[in-house]
Amino acid sequence: MSGYDDSNIFARILRGEIPCHKVYEDDSTLAFMDIMPRTDGHTLVIPKAPARNLFDIAPEPLSDLIVKTQRIAIAARAAFQADGLTLQQFSEPAGGQVVFHLHFHILPRFEGVALRPHTGEMANPELLAGHAAKIRAALG
Ligand code: 5GP
């Protein structure tokens, strides 16, 4: 396992170098829409402090992150009237990780609807902006 490399795409989003559709932000956490959503409402939650993945974060900031993740998951469920939720976290290439800044995937799920495959195709920005606004509204 290598260390943290701050040239990763989420570090660039945190520095404001590339845009994102923001769902939630506070001192320690940022949540934004996944650019290639596998379901409507697919949201990523990341710590602001550098952490490569689950193997690279102390218990206290991880606790903070998972509590925020739960809050956003509840809002996403309400925003999309989802029947359920899948929470994913991939660590290291062998675990399926592609972007090396720790993140949780929030995936609202619907009865009988499979996740969309990874196509590599980016979603319409207006659609993502609308989805982010729906979750922000549900967060209150
Ligand atoms: P993982 O590392 O957990 O396998 O997946 C990284 C996730 O980041 C993927 O779901 C991918 O669609 C998403 N992603 C990759 N590049 C960007 C980007 O530039 N912006 C956003 N919002 N999401 C991205």
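See the structure shown above.
Before going into details, it helps to say that this report is about the structure given with it. In this numbering scheme, every chain counts its residues from 1 along its sequence in written order. Selection of residues for local features in this predicted model requires a pLDDT of at least 70, selection of side-chain atom pairs for listing and counting requires 80 or more, and totals for whole chains, interfaces and linings are taken over all residues. The basis for every side-chain value is the complete set of non-hydrogen atoms in the structure, without hydrogens or water.

**Description of the nonpolar core**
Phase 1 of the analysis: Membership of the largest hydrophobic core comes to 21 residues, with the highest contact counts inside it found for Val23, Ala31, Met33, Val45, Ile72, Ile106 and Ile135.
Phase 2 of the analysis: By the criteria applied, helices consist of DSSP H or I runs no shorter than four residues and strands consist of E runs no shorter than two, each listed in order from the N terminus. Secondary structure elements with two or more residues in this core: strand E1 (22-25), strand E2 (29-33), helix H2 (59-80), strand E5 (104-109) and helix H3 (125-139).
Phase 3 of the analysis: The greatest single-element share of this core, amounting to 7 residues, is contributed by H2.
Phase 4 of the analysis: Not counting residues up to four positions away in its chain, the partners in contact with valine 23 are Ala31, Phe32, Met33, Thr43, Ile72, Ala132, Ile135, Arg136 and Leu139.
Phase 5 of the analysis: In this description, a nonpolar core means a group of buried Ala, Val, Leu, Ile, Met, Phe, Trp, Tyr and Cys residues linked to one another through side-chain atoms lying within 4.5 Å. Only protein chains enter the accessibility calculation, which uses a 1.4 Å probe; a residue whose area is less than 20% of its type maximum is buried, one above 50% is exposed, and one in between is partly exposed. By size, the runner-up hydrophobic cluster in this structure holds 7 residues, among which are Phe10, Phe32, Leu44 and Ile46. What makes two residues a contact is simply this: any of their non-hydrogen atoms within 4.5 Å.

**Some remarks on the side chain of histidine 101**
Phase 1 of the analysis: With respect to the helices and strands, the residue histidine 101 is situated in the loop between strand E4 (84-88) and E5.
Phase 2 of the analysis: Judged by relative accessible area, histidine 101 falls into the buried class, the value being 0%.
Phase 3 of the analysis: Among the polar contacts listed, one links the side chain of histidine 101 to the backbone oxygen of proline 47, at a separation of 2.7 Å.
Phase 4 of the analysis: Beyond its immediate stretch of four places on either side in the chain, histidine 101 contacts Tyr4, Asn8, Phe10, Leu14, Ile46, Pro47, Lys48, Ala49, Pro50, Ala51 and Arg52. Polar contact criterion, stated in full: a pair of N or O atoms within 3.5 Å, where within protein one must be able to donate a hydrogen and the other to accept it, and residues adjacent in sequence count only if both atoms are side-chain atoms.

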